[in-house]
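Coordinates in review
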Amino acid sequence: MTNDANDAHDAHEAGVTPIVVLAVVPADPPYRLVEINGTMVGTARDMLDVIKLAYQAGMTHVDLDDPSVVRWVGGGKYKWL
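Rules of the game
Residues numbered from 1 in each chain as written. Predicted model: local features only at pLDDT ≥ 70, side-chain atom pairs only at ≥ 80, totals over all residues. Heavy atoms only, no water. Pairing = 2+ DSSP bridges. Helix = DSSP H or I, 4+ residues; strand = E, 2+ residues; numbered from the N terminus. Axes fitted to C-alpha atoms, helices over the stretch in contact; angles between N-to-C directions. Contact = heavy atoms within 4.5 Å.

A word on the pairing of strand β1 (residues 19-25). By the bridge criterion, 5 bridges tie β1 to strand β2 (residues 31-36) in an arrangement that is antiparallel. The partner of Ile19 across the bridge, within β2, is Ile36. Linking β1 back to β2 in an antiparallel pair, the connection comprises 5 residues. Sheet analysis places β1 next to strand β4 (residues 70-72), joined by 3 bridges and oriented parallel. Across the sheet, Val20 pairs through a bridge with Arg71, a residue of β4.

Take a look at the structure:
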């Protein structure tokens, strides 16, 4: 297993979602804070930003529809406003 696979597997067994996308911050432009493995890694203005942040954190496979991989807080992946 790769490191990101190990991290995702360990997190899943512990009942923790590796990627958490927090609620929309009503700024101009709006954004969402992103945590990976419990660490705040940056801001996202769209789904592509979430994927980029995950890759930068060492994850090579990111399924935004998989609730064991991504937890969307305050709205799903289409909520950006």
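From this point, things continue past the structure.
On to the sheet that holds strand β3 (residues 39-44), then. The strands that make up a sheet are held in pairs by hydrogen bonds between backbone atoms, and each pair lies either parallel or antiparallel. In space, the 4 strands of this open sheet follow the order β3-β2-β1-β4, with mixed pairing throughout. Strands at the two margins of the open sheet, each flanked by one partner only, are β3 and β4. When strand polarity is set aside, the average angle formed by the axes of neighbouring strands in this sheet is 25°. Against the sheet, helix α2 (residues 47-56) engages β1, β2, β3 and β4, with an angle of about 145° to β3.

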